[in-house]
Protein chains: 4
Amino acid sequence: MIKVGVNGYGTIGKRVADAVTAQPDMELVGVAKTRPNFEAEAAVRKGYPLYAAIPERSDAFREGGIDLAGEVEDMVMASDVVVDTTPSGIGEQNRELYRQYDTPALFQGGEDADIADVSFNARSNYDAAEDAEFVRVVSCNTTGISRVVAPLDEAFGVEKARVTLIRRGGDPGQTSRGPINDILPDPITIPSHHGPDVNTIFPDLDIDTLGVKVPATLMHLHSFNVTLESEPTAEEVKELLSDEPRLFLVPGSAGIDGTGKLKEFAMDTGRPRGDLWENCIWAESVSMEGDDLYLFQSIHQESDVIPENVDAIRAVLGRETKEDSMALTDERLGVGL
Amino acid sequence: MIKVGVNGYGTIGKRVADAVTAQPDMELVGVAKTRPNFEAEAAVRKGYPLYAAIPERSDAFREGGIDLAGEVEDMVMASDVVVDTTPSGIGEQNRELYRQYDTPALFQGGEDADIADVSFNARSNYDAAEDAEFVRVVSCNTTGISRVVAPLDEAFGVEKARVTLIRRGGDPGQTSRGPINDILPDPITIPSHHGPDVNTIFPDLDIDTLGVKVPATLMHLHSFNVTLESEPTAEEVKELLSDEPRLFLVPGSAGIDGTGKLKEFAMDTGRPRGDLWENCIWAESVSMEGDDLYLFQSIHQESDVIPENVDAIRAVLGRETKEDSMALTDERLGVGL
Amino acid sequence: MIKVGVNGYGTIGKRVADAVTAQPDMELVGVAKTRPNFEAEAAVRKGYPLYAAIPERSDAFREGGIDLAGEVEDMVMASDVVVDTTPSGIGEQNRELYRQYDTPALFQGGEDADIADVSFNARSNYDAAEDAEFVRVVSCNTTGISRVVAPLDEAFGVEKARVTLIRRGGDPGQTSRGPINDILPDPITIPSHHGPDVNTIFPDLDIDTLGVKVPATLMHLHSFNVTLESEPTAEEVKELLSDEPRLFLVPGSAGIDGTGKLKEFAMDTGRPRGDLWENCIWAESVSMEGDDLYLFQSIHQESDVIPENVDAIRAVLGRETKEDSMALTDERLGVGL
Amino acid sequence: MIKVGVNGYGTIGKRVADAVTAQPDMELVGVAKTRPNFEAEAAVRKGYPLYAAIPERSDAFREGGIDLAGEVEDMVMASDVVVDTTPSGIGEQNRELYRQYDTPALFQGGEDADIADVSFNARSNYDAAEDAEFVRVVSCNTTGISRVVAPLDEAFGVEKARVTLIRRGGDPGQTSRGPINDILPDPITIPSHHGPDVNTIFPDLDIDTLGVKVPATLMHLHSFNVTLESEPTAEEVKELLSDEPRLFLVPGSAGIDGTGKLKEFAMDTGRPRGDLWENCIWAESVSMEGDDLYLFQSIHQESDVIPENVDAIRAVLGRETKEDSMALTDERLGVGL
Ligand SMILES: NC(=O)c1ccc[n+]([C@@H]2O[C@H](COP(=O)([O-])OP(=O)(O)OC[C@H]3O[C@@H](n4cnc5c(N)ncnc54)[C@H](O)[C@@H]3O)[C@@H](O)[C@H]2O)c1
Ligand SMILES: NC(=O)c1ccc[n+]([C@@H]2O[C@H](COP(=O)([O-])OP(=O)(O)OC[C@H]3O[C@@H](n4cnc5c(N)ncnc54)[C@H](O)[C@@H]3O)[C@@H](O)[C@H]2O)c1
Ligand SMILES: NC(=O)c1ccc[n+]([C@@H]2O[C@H](COP(=O)([O-])OP(=O)(O)OC[C@H]3O[C@@H](n4cnc5c(N)ncnc54)[C@H](O)[C@@H]3O)[C@@H](O)[C@H]2O)c1
Ligand SMILES: NC(=O)c1ccc[n+]([C@@H]2O[C@H](COP(=O)([O-])OP(=O)(O)OC[C@H]3O[C@@H](n4cnc5c(N)ncnc54)[C@H](O)[C@@H]3O)[C@@H](O)[C@H]2O)c1
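The structure reproduced in this document is the subject of the present report. (Residues numbered from 1 in each chain as written. Chains lettered and ligands numbered in written order. Predicted model: local features only at pLDDT ≥ 70, side-chain atom pairs only at ≥ 80, totals over all residues. Heavy atoms only, no water.)

1. A short note on the site of ligand 3
Residues and elements named next belong to chain C. Taken together, 21 residues are adjacent to ligand 3, and Thr11, Ile12, Thr34, Asp171 and Gln301 come closest. A distance of 3.1 Å is found between an oxygen atom of ligand 3 and a side-chain nitrogen or oxygen belonging to Arg168. Backbone polar atom of Gln301 to an oxygen atom of ligand 3: 3.5 Å apart, as the coordinates give it. Protein contacts shield 83% of the accessible area of ligand 3, which totals 820 Å² for the unbound molecule. Of the residues contributing to the shell around ligand 3, the split by class is 6 nonpolar, 11 polar and 4 charged. (Near = heavy atom within 4 Å. Polar contact = N/O pair within 3.5 Å; in protein donor to acceptor, adjacent residues only side chain to side chain. Areas by Shrake-Rupley, 256 points an atom, 1.4 Å probe, with all protein chains shown as cover. Nonpolar A, V, L, I, M, F, W, Y, C, P; charged D, E, K, R; others polar.)

2. Focus: a negative patch on the surface
A surface patch of negative charge is lined by A:Asp127, A:Glu130, A:Asp131, A:Glu320, A:Glu323 and A:Asp324. Take A:Glu323: it is sitting in helix α12 (residues 322–333). (Patch = residues over 30% accessible without salt bridge, like charges linked within 9 Å, V, L, I, M, F, W, Y side chains within 5 Å. Salt bridge = Lys/Arg side-chain N within 4 Å of Asp/Glu carboxyl O. Lys, Arg positive; Asp, Glu negative; His and termini not counted. Charge placed at Lys NZ, Arg CZ, Asp CG, Glu CD. Helix = DSSP H or I, 4+ residues; strand = E, 2+ residues; numbered from the N terminus.)

3. Observations regarding the relation of the copies chain C and chain A
Turning chain C through 180° and shifting it by 0.0 Å along the axis lays it on chain A, with an RMSD of 0.0 Å. Here the symmetry operator amounts to a two-fold rotation axis. Taking C-alpha positions as reference, the residue of chain C nearest the rotation axis is C:Gly178, located at 2.1 Å. When you check the interface residues of chain C against chain A, 100% turn up at the interface there too, and the contact is symmetric in its surfaces. (Least-squares fit on C-alpha atoms with pLDDT ≥ 70 in both. Contact = heavy atoms within 4.5 Å.)

4. Focus: the site of ligand 4
Residue and element names in this part refer to chain D. Neighbouring residues of ligand 4: 21 residues in total, closest Thr11, Ile12, Thr34, Asp171 and Gln301. Contacts to ligand 4 include Gly110, whose backbone N or O atom sits 3.2 Å from an oxygen atom. A total of 820 Å² of accessible area belongs to ligand 4 in isolation, and the protein chains cover 82% of it. Within the shell around ligand 4, the residues separate by chemical class into 6 nonpolar, 11 polar and 4 charged.

5. Details of the packing of helix α1 (residues 11–21) of chain A against helix α11 (residues 306–317) of chain A
All names here are of chain A. Interhelical geometry of α1 versus α11 gives an angle of 55° and a closest axis separation of 9 Å. Comparing their axes, α11 and α1 come out oblique. Crossing of α1 over α11 shows right-handed handedness. Counting all contacts with α1, which are made through Ile12, Arg15, Val16, Ala19 and Val20, the residues of α11 involved are Ile306, Asn309, Val310 and Ile313. Class assignment for the residues of the contact of α1 with α11 results in 7 nonpolar, 1 polar and 1 charged. (Axes fitted to C-alpha atoms, helices over the stretch in contact; angles between N-to-C directions. Parallel < 35°, antiparallel > 145°, perpendicular 65-115°, else oblique. Left-handed = near helix turned anticlockwise from the far one by under 90°.)

6. Section: the environment of A:Ile299
All names here are of chain A. Position of Ile299 relative to the elements: it lies in strand β16 (residues 292–299). Placed 295 residues apart in sequence, Ile299 and Val4 show a C-alpha to C-alpha distance of 26 Å. For Ile299, the residues in contact, after removing those within four places along its chain, are Cys140, Gly144, Met219, His220, His222, Asn279 and Asp304.

In structure tokens form, the structure reads like this:
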């Protein structure tokens, strides 16, 4: 059993904890939190051992009636791998702690690429993570792009990719984030930083990305263009993509017109939190104009990186092949719609 | 076993179907749908027998690869009770069908009060439904108000209630509804129709309501004022309300500032679809100024009427006492946070 | 001519500058700004002398090609009255500067009440400002409430007021403010601080207020209840209110259903920036239930305090009577729809 | 003087009426409206003669206290040109009326291209409109694209254009339109109909467009990619574009981050209704990657077609050259920021 600690119990952290718990070859050591809020309360209900992320605040937990299993150092010590899911920039500060206990750690996409030896996407470069000290699971957007680029490049060759990322302004619980009524070029400069991030996975890919921010919370939307090196039909592209377990082709007959109904479908099928771990590619949108492929995909920012984190745990320890790990992760989570 | 058919499989219907399935004394005959969309697909995955709500469209289901168990008439015939969860106004058209088969039916709050012999809220008038031909489970807002008024009136006496209902513009999947960036008095005239609807449950209650519509999808918010006949302390009011199983007092210590985090908490605790069957009353908001009680409560429009529908099924057949039915419903659904 | 300096050139400051310029008895000394952004550019186009609010940043203006008339101290020195329209809390820091030059100053509603000798609303307590060193023009919400309470109290007597303030999350240009999809009790505790703020104008008024925040930018909406000491008809109340020049009764026949169309109307009639200096009371909403008056009013947060600032300038210098000042202000701005 | 009638007095119609009134060579015959609402009231205040668009409803105007100058037929008869600004599809129904009186008419972008002899964008094909019976001024989005494509094609040659149109869900006054919290691929199929619409202006242009809809009301945002036939520097492209009077390059130094602040700037400079007749191109976004040009532009859907309508009036009558008409229109409106 691989012992896993989760440091930072927010949007990503709580999902990683649940996903680790669902794996047959992993055991959740516990989760480290900074404050005894509703998320701590929910962790307690699930029986997850809680560690104080900031030792000085241990008292606050006690006052909130919450028993602690220890401090974050204890958790790191007891873990074979730590998944750091703290806010952007905090991971950087935690790195020394993991190094001190010689515990391999995974960071998330909010950290700079150079925090880790390797940036990771299971489909694209699983083996690169083996024996790394630190691995960075790339962001929700980069994960979403990589999953599409990998099979396209293998099957048809990618000459150039151009992606406009229409990003949700904040997650559903982030009440202080805007905008309320605006469409923001963000960043205003082009190309955005997302392209270079994809290049941490595909160093030779010619890709330009443009970032936009809008007043919505459920999912991102990618307006995707790839100039291919060959000219498959749209049907051939759809077939290729539908063979990828972490891509879901939203059928035209489903009557789903946007992310509200997509998440409704996810909840109707019993998905925990209505999570959509798969890229949701609108089947009707997949089209070829000459050698230009176009498609729309919706990316559930809160959950698409979860299976990737699970795989990265195995990858960094050299357990399982890529195929076996991805299949096991998907089966245990229920990936595939 | 009570045999229950659900006519109209949308936001309310699918939740009623799940809730009925969870009851030990009920059996879901099936659900009637108009179109073979993603919701039909999800129903099939759950193994719910599907009936064609509009017989002429049966072919569309077949073409969509979905097997039908029959037509809506077959479902009505096989049911002891039908729960009609079609859109507002359609219930009225279906009434004759239920009468024809002598099947008691429940309607929802979108129908006019005179569609049924009795308007229903379990906490307030369970027994009134016994042996009725037709029962109307009141709307999400009226349910939310009734659950608070009932205990207050019993314990302290209600002199007058004034409630501003700040309503979500549409449900999360209703992409064509607005407003996008407005705060609408809706209806502009005061008092709104909500007060008279509460009077179908509490005929003698002096209540004035004001309706507002805003660009949000998750929950309604009630700004609640009740002039009481006595002057309890805010603590006494909170104690009273926290004893009611279908009221959830959101603790100040939880760090929950709005409906986004409330639903997050619901999902963290494993609630299906993140449903909040309880009125969510902000504990810190409960306050007394003289004999004026004030509080804020958030009402999950998609789910608060679900336990009420389950109870109404038993009530109309004269099975179980109010207390036993409510306790059973709550236990099986997992009501209580 | 009264020489007026405006310190802080943002949402409120630029409107005050325009309004001062429109008065026959006032002269705009200039406006003090911190940064050479688009608002500075627009001020230059209007020919408003620009002063550096933060002397160390003077260079930035020069680099931006903008000529400065001097530093903020120069402006204060040259002014008979300064209107401080800096962000909440900054006014407090500027007070010593005004005192140093013995220049009476007006502060805005974002400052604590004790920053000034008197809190001000022209209709309610014009004369109280005479000879004050510092005057605080109350907030947009308090202004909106005061304008309704004053005539009601005079004509019918106010026993108790209860107001739910459904506030816009941010102004149209404030892209970083949320919420995106939530209805927030804000503050969660009741009563909110707005009631006590109204009491700075009406010390004996019995008023409870409740605050809510929603994802909209155009205007606030007040859900207003006043228990009166007498029982006029709704028609009598409407007549009373329609006689007040700073109240606009939105006629039912206008086909205006919310703040989007209200602002559209303001722009159609040529209002600068689509400003609505008047409380916009929905005529159809005004209603009496026993001695309870109800109404909805929309308050344009960006502009309703502008006529009040103009009047306060005269009031603090003891120029003009209340009636004359208000009439002059209204005529020059074009108040009254 | 060219006598101009405006049929349909809504978002576009009222702006056309104002713009016509501002021209030295035009006279507004009047405007035809269907209902005596707030827009009619505003037209009366401006002294615009009002005609009943639907004769049977004339009484409603009289009851609303509004004097009519006649019926729509009278207006058509008295006009040299009619600008039809009725909702999509209604223009089609009005065509016979204009033909009957032999009055050339302009239609808007909501009508099908084949309603008219020619689709029109002043910069691109002014002369094509001369002597046409019917002219269609293309939509806000097509206008926005054409204005950029024309100079680029002339200067550098356009090999292929790919544009993602992130469209506002509704205009600010359209309270019933959504979505509230979603990012909709709209249409889901690619390419969208916008590309073919651009081809009505540039028949040989290779262009693929993708449509998206989001919860915002102020402006559209275009994520623009053009593969050029040559490789200018970004600076050269910016110079070219800044020479075009109907393109506004938003300077990076302005501190404008989105459409809220853009419209704020427009209002600060005194623009009526805060209108932005120019494409607003974010200067910092203009960039070249190889032969790929990228840029973001915000398009004010309510007003960018207004100068085009004014020019089309002259073009259809064969008055003025393209250069003279555009210069006159721009000068009288105040185009250019
Ligand atoms: N939310 C998303 O959409 C998303 C998607 C993909 C990747 N990411 C990345 O995942 C990481 C986490 O993001 P998130 O959205 O889960 O953030 P979050 O704010 O939801 O959760 C972070 C948690 O870490 C806690 N925390 C703060 N400081 C800490 C410390 N010193 N030690 C331990 N815990 C601490 C916070 O209290 C919070 O509970 C970031 O790098 C982010 O960029 C986020
Ligand atoms: N959504 C809410 O927030 C909410 C809350 C409380 C009560 N209600 C009430 O519940 C009722 C249902 O509302 P909903 O939100 O679930 O609507 P919905 O639109 O989500 O679902 C209604 C379903 O009925 C189907 N339908 C339409 N015509 C039908 C017919 N003739 N026969 C059978 N099915 C038909 C529709 O296809 C749809 O699937 C309404 O009376 C509504 O007012 C809704
Ligand atoms: N915006 C509203 O809706 C509204 C309504 C009524 C009252 N108010 C109150 O008016 C005041 C101003 O609010 P606003 O909305 O105009 O804010 P704002 O942020 O739009 O404008 C404030 C301006 O002051 C400038 N500034 C910052 N520090 C300064 C300093 N030290 N010296 C000079 N200028 C400085 C800022 O750069 C900005 O231009 C606040 O007290 C606010 O509470 C605002
Ligand atoms: N609003 C935009 O963003 C925009 C931008 C560019 C082009 N357009 C196009 O301009 C046209 C008008 O759009 P709009 O946004 O101004 O619509 P609108 O709804 O704001 O205005 C249309 C007006 O026409 C009136 N009307 C309806 N039927 C009529 C009839 N039979 N005769 C006369 N008047 C009638 C309506 O009452 C309304 O006042 C459409 O073709 C639209 O596609 C709109």
